[in-house]
Each structure stands twice: as structure tokens, then as C-alpha cells.
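Here's the letter readout for the chains.
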Amino acid sequence: MSELREISVNHLPSPTWNWLRVNEAYVKVPSEALEGNEIIEADKKIKINDTLDQERFLNLESGLDSEFIQLAESFGIEKESFKIADDTKVKEPVRIDISYSENDFAYNCYQAEIGNDSECTFIVNHIICEGSDIKEAACDMRFIIGKKSVVKLIQIHCFKDDMKFYNNVSCECAEDARFEVIHLELCGAGIYEGLCCNLLGDRSSLRIDTAYLAKNEDTLDFNYVARHRGKETKSNIYCNGVLKNSASKVFRGTIDFIKGCAGAVGDEKEDVLLIDEDVVNKTVPLILCAEEDVEGTHGATIGKLSDEVLFYLMARGIDEENAYKLMIDGRIAEVASKIEDEKTKDYIFGSLLKKEDEEIEEEEDE
């Protein structure tokens with residue numbers, strides 16, 4: 001086992017009171033890592049492991065922050081690269097299945113350069129191999145998106161109850177480019193999710209749809225940052241989740257209007273359902289503004305299932321236990337339904353959600 005190194009991740013771009021304990025998260029990460037086993041399925045139109053401008057990718061702003069990137073670079077693990085030429089519409093998604101068979105800390109890094117007027121979807125899934133006792137892993141996704149191009153990223157995180165996971169997403173968008181992200185966070189002792197998107201080009205846009213379920217003593221820690229630099233840029237950050245048992249969650253959502261981004265629009269919302277009394281929820285919606293001609297909105301809805309809704313469901317023969325299961329499944333299904341790939345949706349609805357329902361039933365029986 002390698003030596004542990006304490007680093008800070010998910011820094012709030014503009015710090016608030018320290019006593020709130022939301023400015024950053026401190027984690028202890030092994031100082032050495034192995035590469036997780038991976039299977040990549042990609043269309044022939046995509047060049048894999050082509051030469052990319054490594055310095056440009058390294059300089060992308062990290063969602064998890066610079067300390068994580070510095071540590072990751074010290075691992076010396078080779079990055080997988082994808083290059084898509086101009087005017088290329090890739091119909092089949094790039095599928096990346098990362099499996100963990102070793103018991104050590106695993107790290108995987110992917111870089112994608114998307115040409116102008118192109119389209120592509122990346123789907124990343126994680127698999128714990130039988131017999132593996134892995135406790136920590138990390139994934140690092142970096143994108144440079146050309147003019148008028150569309151990139152969709154789907155990441156599904158469902159881990160063992162004693163496993164920690166660190167996920168970094170960095171992106172830079174040129175004029176009229178779109179970056180669309182779907183995150184499903186379904187299980188894990190601690191998931192640290194950092195995403196930063198620089199909307200450099202005019203009319204470029206970012207959309208994030210996240211659904212999560214945190215239970216037992218799970219920890220979820222989010223840091224989503226949209227940097228509006230180009231004119232008439234747009235960002236939408238939507239997070240919908242459930243906390244139960246003694247789970248805790250911190251959500252940081254930042255819309256940063258940088259001087260010169262006239263006409264930019266940003267919107268962020270979070271909806272949190274609290275199932276039990278012992279959960280801990282911290283929501284930090286943040287709008288930073290250095291430009292006058294912009295429009296930014298944020299909001300959060302946090303609470304329990306109302307008595308009116310419970311009464312409505314129970315009056316139709318649904319008991320309280322199943323009512324909560326319906327609410328949990330509904331929130332995840334709402335985001336999962338936005339996925340256009342049928343194979344991935346079948347996996348979510350036919351395997352993951354079914355597994356979660358069975359585990360909830362077992363907990364209730366106990």
C-alpha cells in the first residue's frame with residue numbers, strides 16, 4: 001500500500017465562511033496508482049491515441065482542482081487520446097468500460113479533441129470485478145470542443161459501499177459548441193465530483209443533468225463550475241437527488257460571468273429529498289458577476305416528502321415504503337430517460353435501479 005497524501009479538492013471559486021465547511025473537501029489519496037483495466041469501443045472515424053497538444057490539455061481548468069491534477073500527473077500513467085476530425089458525425093457512442101480487478105488505487109485519464117462541426121457521445125461505466133477489494137479509484141476526462149460541435153458525456157457511478165471515487169471533468173468550448181453531461185451517482189462510500197467548463201467561444205453552452213442517491217454513511221461532494229467568457233454563452237446546471245440514513249452531501253454550483261461575456265445566461269437548480277432525520281445536506285448555489293449585461297438565476301428545493309403527496313399515494317394503495325421507493329426511482333429515471341442510447345438505459349433500468357430497490361427492501365426488512 002502506497003503512502004497516503006492529503007490534498008484539497010472541489011474548491012468553491014469564491015470562498016465563504018470557513019465554519020460552514022463548504023469551501024473545499026480534504027481527502028487522503030494514495031501517492032501511487034495503477035491503471036484500471038479498460039475496454040474501449042469506438043467508431044473507425046475516431047482516431048485513438050493520436051498525437052494531441054498535451055500542454056493544452058494539461059492547462060485545462062480542473063473541476064477537482066490543481067492539487068488533484070498534479071498528483072495524477074505524478075502517477076506517470078499513459079493517457080488515452082481521441083481525435084475527431086472536422087465535419088464528422090459519429091452515430092455510435094464511444095463506450096469506455098473501466099474494470100477494477102486489483103486492490104490498489106486505480107486511475108484512468110482520457111483526452112478528446114473534437115474538430116469543428118462534429119458530434120460524438122462518450123459513455124463511461126465502472127465495473128468492480130469479482131474478488132477485487134479495491135477501495136479507491138479515479139477517472140479524469142478532458143475535452144477540447146471545436147466550433148459548432150456537440151459532445152455528450154454520460155457517466156454512471158455505482159460502487160461498493162466502502163469505495164471512494166474521484167471524478168474530474170475539464171472542458172473548453174469554442175464558438176457555438178455544446179457540452180452536455182449526464183451524471184448518475186448511485187452508490188459509494190465517497191464520491192467527489194468536479195467539473196469545470198470554460199465557455200470560451202461566443203454562443204457556446206453547457207448543460208449538466210445529475211441524479212444521485214446517497215444512503216448509509218455515504219458522502220457526495222460536488223463542484224460544478226461554468227466559466228462564461230464568450231458572448232451569449234449559456235449554462236444550465238440541474239441536480240436532483242435523495243439522501244437517506246446518515247448520508248451527507250455538499251453541492252457547489254458556480255456560474256461565473258467573466259467581464260466580456262455580454263448576453264450570457266446561466267441557470268442552476270437543485271432538488272433534494274430528505275428521507276431520514278440524520279442526513280446532512282449542504283447546498284451552495286453561487287453566481288459570480290463581473291459583466292453587467294447577463295442573466296443568472298439559481299434556486300434549491302430541500303425537504304421531505306409532503307404529507308399531501310404521501311396521502312395521495314397511500315389513498316391509491318401505495319404504502320409509505322413503496323411511496324419513497326417511487327420517489328427515489330422517479331428522480332433517477334427522470335435524468336436517465338434523457339440518455340439516447342438504449343443499451344445504457346436498459347442497463348440502468350434493468351440492472352442498477354432494480355438492484356437499488358432490492359437493497360432498500362432488505363434494509364426495510366431488517
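A brief look at the structure comes next. (Residues numbered from 1 in each chain as written. Predicted model: local features only at pLDDT ≥ 70, side-chain atom pairs only at ≥ 80, totals over all residues. Heavy atoms only, no water.)

Moving on, we come to the sheet that holds strand β5 (residues 80-84). The sheet built from nine strands is open, its strands ordered β4-β5-β7-β9-β11-β13-β15-β17-β19 with mixed pairing. Looking at which strands have only one partner, the edges of the open sheet turn out to be β4 (47-48) and β19 (280-289). The pairing of strand β13 (residues 190-199) with strand β15 (residues 219-228) spans 10 bridges and is parallel. In the sheet register, Gly 194 faces β15, and the bridge partner there is Asn 223. (Pairing = 2+ DSSP bridges. Helix = DSSP H or I, 4+ residues; strand = E, 2+ residues; numbered from the N terminus.)

Glancing now at a nonpolar patch on the surface. Together, Trp 17, Trp 19 and Leu 20 line one region of the surface with nonpolar side chains, adding up to about 420 Å² of accessible area. Within the secondary structure, Trp 17 sits in the loop between β1 (4-9) and β2 (25-30). (Patch = residues over 30% accessible without salt bridge, like charges linked within 9 Å, V, L, I, M, F, W, Y side chains within 5 Å. Areas by Shrake-Rupley, 256 points an atom, 1.4 Å probe, with all protein chains shown as cover. Salt bridge = Lys/Arg side-chain N within 4 Å of Asp/Glu carboxyl O.)

As for its position among the elements, Ser 118 is in the loop between β7 (106-114) and β8 (119-128). A polar atom in the side chain of Ser 118 sits 2.7 Å from the backbone oxygen of Ala 85. Filtering out sequence-adjacent residues up to four positions away, Ser 118 remains in contact with Ile 84, Ala 85, Asp 86, Asp 87, Thr 88, Lys 89, Lys 148, Ser 149 and Val 150. (Polar contact = N/O pair within 3.5 Å; in protein donor to acceptor, adjacent residues only side chain to side chain. Contact = heavy atoms within 4.5 Å.)

Below, the discussion takes up the packing of aromatic side chains. Under the definition given, this model contains 14 aromatic pairs. When the ring of Phe 143 is compared with that of Phe 179, the centres are 5.3 Å apart and the planes differ by 45 degrees; the resulting orientation is tilted. In this pair, Phe 143 is assigned in strand β9 (residues 136-145) and Phe 179 in strand β12 (residues 178-187), connecting sequence segments 36 residues apart. What makes Phe 143 buried here is its relative accessible area of 1%. Here Phe 179 falls in the buried class, since its relative accessible area comes to 1%. With a centroid separation of 5.6 Å and 45 degrees between ring planes, the pair formed by Tyr 212 and Phe 222 is classed as tilted. Remark: Phe 222 occurs in strand β15 and Tyr 212 occurs in strand β14 (residues 205-214); sequence separation between them is 10 residues. By relative accessible area, which is 1% here, Phe 222 ends up buried. A network of ring pairs unites the aromatic residues Phe 68, Phe 75, Phe 105, Tyr 107, Tyr 166 and Tyr 192 as a single cluster. (Phe/Tyr/Trp six-rings, centres within 6.5 Å; stacked < 30°, edge-to-face > 60°. Buried < 20%, exposed > 50% of the residue type's maximum accessible area, 1.4 Å probe, protein only.)

Moving on, we get to the state of the cysteines. Summed over all chains, the structure comprises zero disulfides. We note that Cys 173 lacks a disulfide partner, and the nearest cysteine sulfur, in Cys 171, lies 3.8 Å from it. Cys 173 sits in the buried class, given a relative accessible area of 1%. (Disulfide = S-S within 2.5 Å.)

The residue Asn 240 is located in strand β16 (residues 234-243) in this model. A distance of 2.8 Å separates polar atoms of two side chains, one belonging to Asn 240 and the other to Arg 331. Sequence-distant contacts of Asn 240, defined by excluding residues within four places in its chain, comprise Thr 210, Ala 211, Tyr 212, Asp 271, Arg 331 and Glu 334.

Read across the open sheet, the nine strands follow the order β3-β6-β8-β10-β12-β14-β16-β18-β20; overall the sheet is mixed. At either end of the open sheet lies a strand with only one pairing partner, and these are β3 (37-41) and β20 (295-303). Averaged over all adjacent pairs, the angle separating strand axes in this sheet is 10 degrees, with direction ignored. Pairing of β14 with β16, which is carried by 10 bridges, proceeds in the parallel orientation. Paired with Arg 207 across the two strands is Asn 236, which belongs to β16. (Axes fitted to C-alpha atoms, helices over the stretch in contact; angles between N-to-C directions.)

Our focus in this paragraph is the environment of Thr 219. Assignment of secondary structure puts Thr 219 in strand β15. Excluding its chain neighbours within four sequence positions, the residues that come into contact with Thr 219 are Gly 188, Ala 189, Gly 190, Ile 191, Tyr 192 and Ser 248. A distance of 3.5 Å separates a polar atom in the side chain of Thr 219 from a polar atom in the side chain of Ser 248.

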